[in-house]
Amino acid sequence: MSAPIHLDRDGHRTAIKWHRGRRRISDPVFTGGLIVEAMRLGASVEVDLVVHGDHGFAVLHDLTLERETTGEGKVRDTSAAALQELHLRGNDGEPITDKVLLLEDLCALLASEGVHPDALLQLDYKENLEALTPQAIANFGEGAAPIAASLILSGGDFDAIQALAKAAPDIATGYDPCYGESLARLKATGDYSGFIKQAVKTAPDARMIYLDYRIVLAAEEAGFDLVAPVHAAGRRVDAWTINHITPETIRQVERLLKLKVDQITTDDPEGLAKAFSS
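1. Re the pattern of salt bridges
If charged atoms from side chains of opposite charge come close, those side chains can pair.
Working step 1: Going through the model one piece at a time under the given rule, you end up with 19 salt bridges.
Working step 2: Here arginine 23 ties to glutamate 37 by a salt bridge, and the two come within 2.5 Å at their closest N and O atoms. Of this pair, arginine 23 sits in the loop between strand S2 (12-18) and helix H1 (32-41) while glutamate 37 sits in helix H1, placing them 14 residues apart in sequence.
Working step 3: Residue class for arginine 23 comes out buried when judged on its relative accessible area of 8%.
Working step 4: Taking the shortest distance from any N to any O, the salt bridge between arginine 67 and aspartate 62 comes out at 2.7 Å.
Working step 5: Assessed through its relative accessible area of 52%, arginine 67 is described here as exposed.
Working step 6: A single network of salt bridges, built from pairs that share partners, joins Arg23, Arg24, Asp27, Glu37 and Glu270.

The structure is reproduced here in structure tokens:
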């Protein structure tokens, strides 16, 4: 089938983002081969970053190693060299051939393999400003440098994002205001307007605002379009994360497309593209 890169609807193009580097729901996460494939195709792809023991960044989601890798303990207490020797775990929890990537490993790999001019790699920083040392910030800039123009750095602590972005001048930034019980709070208060105004204000330099798709759809049900004010501010909207492609999620994606979201994050890009191919 054709590459799962975007969906076109009513004159608006919505990118399909490969969540954690997956092309299909059956794929393991954070493997170099699939990330290279996505970036060669011109896709949008997301990986997570956490701080390791040598003040650099590992391409992992958790702050501990057991679930995602063959290691044990905290990522923060593990050296770069030790991380590079650990294997990732597949969806069944069993070790796979691929090893843990560090930020500099991934960026060097992509620089050597080649990146499509339309490709965009989202680096989703999972910690906060307090987790960053001056050395970590400097190491981020050095690691991201080879492909900084093809990167967008995101997270929920925009002060941390700004601090890291200063070390990589060509990098774009994004902001995710959704955390904890955001959906429940918004359903209770109905203050979707205040929520999105605060998000845009908090992150004045963010190119992309990342929104839990359930919040986008809850706002629509309440009669408020969360996407329009972001577009009016000159930003773009990513709706995350469609995990499985089912009749229900297909209907939800239809609604997101009508709202003209600019990107949809999914664990099954190929399945999503196939569902809308006819």
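2. Observations regarding the pairing of strand S9 (residues 172-175)
Working step 1: Residue alternation in S9 divides its side chains into two sets, Ala172 and Gly174 and Thr173 and Tyr175, and both sets are buried.
Working step 2: Taken together, strand S8 (residues 151-154), helix H5 (residues 158-165) and S9 constitute a β-α-β crossover, and its handedness is right-handed.
Working step 3: Here S9 pairs with strand S10 (residues 208-212) via two bridges, running parallel. The residue of S10 that forms the bridge with glycine 174 is methionine 208.

3. Details of unusual backbone geometry
Working step 1: Cis geometry is found at the peptide bond from tryptophan 240 to threonine 241, where omega equals -20 degrees.
Working step 2: A positive phi angle, near 55 degrees, is found at arginine 20, a position not held by glycine.
Working step 3: Along the polypeptide, arginine 20 turns up in the loop between S2 and H1.

4. Digging into the packing of helix H3 (residues 103-113) against helix H4 (residues 134-144)
Working step 1: Here H3 crosses H4 at 15 degrees, and the two axes come no closer than 8 Å. The orientation of H3 with respect to H4, classified from their angle, is roughly parallel. Considering how the two elements wind past one another, H3 and H4 form a crossing that is right-handed. In this structure, H3 uses Leu103, Glu104 and Cys107 to contact H4, whose residues at the interface are Phe140, Gly143 and Ala144.
Working step 2: Taken together, the residues of the contact of H3 with H4 break down into four nonpolar, one polar and one charged.

5. As for the packing of aromatic side chains
Working step 1: Tallied over the full model, the rule gives three aromatic pairs.
Working step 2: Arranged with centres 5.7 Å apart and planes meeting at 80 degrees, the rings of phenylalanine 57 and phenylalanine 140 form a pair that is edge-to-face. Of this pair, phenylalanine 57 sits in strand S4 (residues 57-58) while phenylalanine 140 is found in helix H4, placing the two residues 83 residues apart along the sequence.
Working step 3: Consider the rings of phenylalanine 158 and tyrosine 175, whose centres lie 5.9 Å apart with planes at 75 degrees: the pair is edge-to-face. Separated by 17 residues along the polypeptide, phenylalanine 158 in helix H5 and tyrosine 175 in strand S9 bring together distant segments of the chain.
Working step 4: For phenylalanine 158, a relative accessible area of 4% puts it in the buried group.
Working step 5: Overall, the relative accessible area of 9% leaves tyrosine 175 in the buried class.
Working step 6: Ring-pair connections join several aromatic residues into one group, and the members of that group are Phe57, Tyr125 and Phe140.

What counts as what
Within every chain, residues take consecutive numbers counted from 1 along the sequence as written. Where local features are concerned, this predicted model is filtered to residues with pLDDT of at least 70; where side-chain atom pairs are given and counted, the filter is 80 or more; whole-chain, interface and lining totals use all residues. As a convention, hydrogens and water are excluded, and side-chain values are obtained from all of the structure's heavy atoms. A carboxyl oxygen of Asp or Glu within 4 Å of a side-chain nitrogen of Lys or Arg is what we treat as a salt bridge. Each helix is a run of H or I in the DSSP string that is no shorter than four residues. Each strand is a run of E no shorter than two, and both are numbered from the N terminus. Using a 1.4 Å probe on the protein chains alone, a residue whose accessible area is under 20% of its type maximum counts as buried, one over 50% counts as exposed, and one in between counts as partly exposed. Orienting the strands away from the viewer, one traces the path from the first strand over the helix to the second; a clockwise path indicates a right-handed crossover. Being paired, for any two strands, means DSSP has found at least two bridges between them. Note on geometry: axes are C-alpha line fits, over the in-contact stretch for helices, and angles between N-to-C directions span 0 to 180 degrees. If an angle is under 35 degrees, it is roughly parallel; if it is over 145, roughly antiparallel; if it lies from 65 to 115, roughly perpendicular; otherwise it is oblique. Each crossing gets its handedness from the near helix: less than a right angle anticlockwise from the far helix is left-handed, clockwise is right-handed. In this analysis, two residues are considered to be in contact whenever any of their non-hydrogen atoms come within 4.5 Å of each other. Residues are grouped as follows: Ala, Val, Leu, Ile, Met, Phe, Trp, Tyr, Cys and Pro are nonpolar; Asp, Glu, Lys and Arg are charged; every other residue, Gly included, is polar. For Phe, Tyr and Trp, where Trp contributes only its six-membered ring, two rings pair if their centres lie within 6.5 Å, and the inter-plane angle classes them as stacked under 30 degrees, edge-to-face over 60, or tilted in between.

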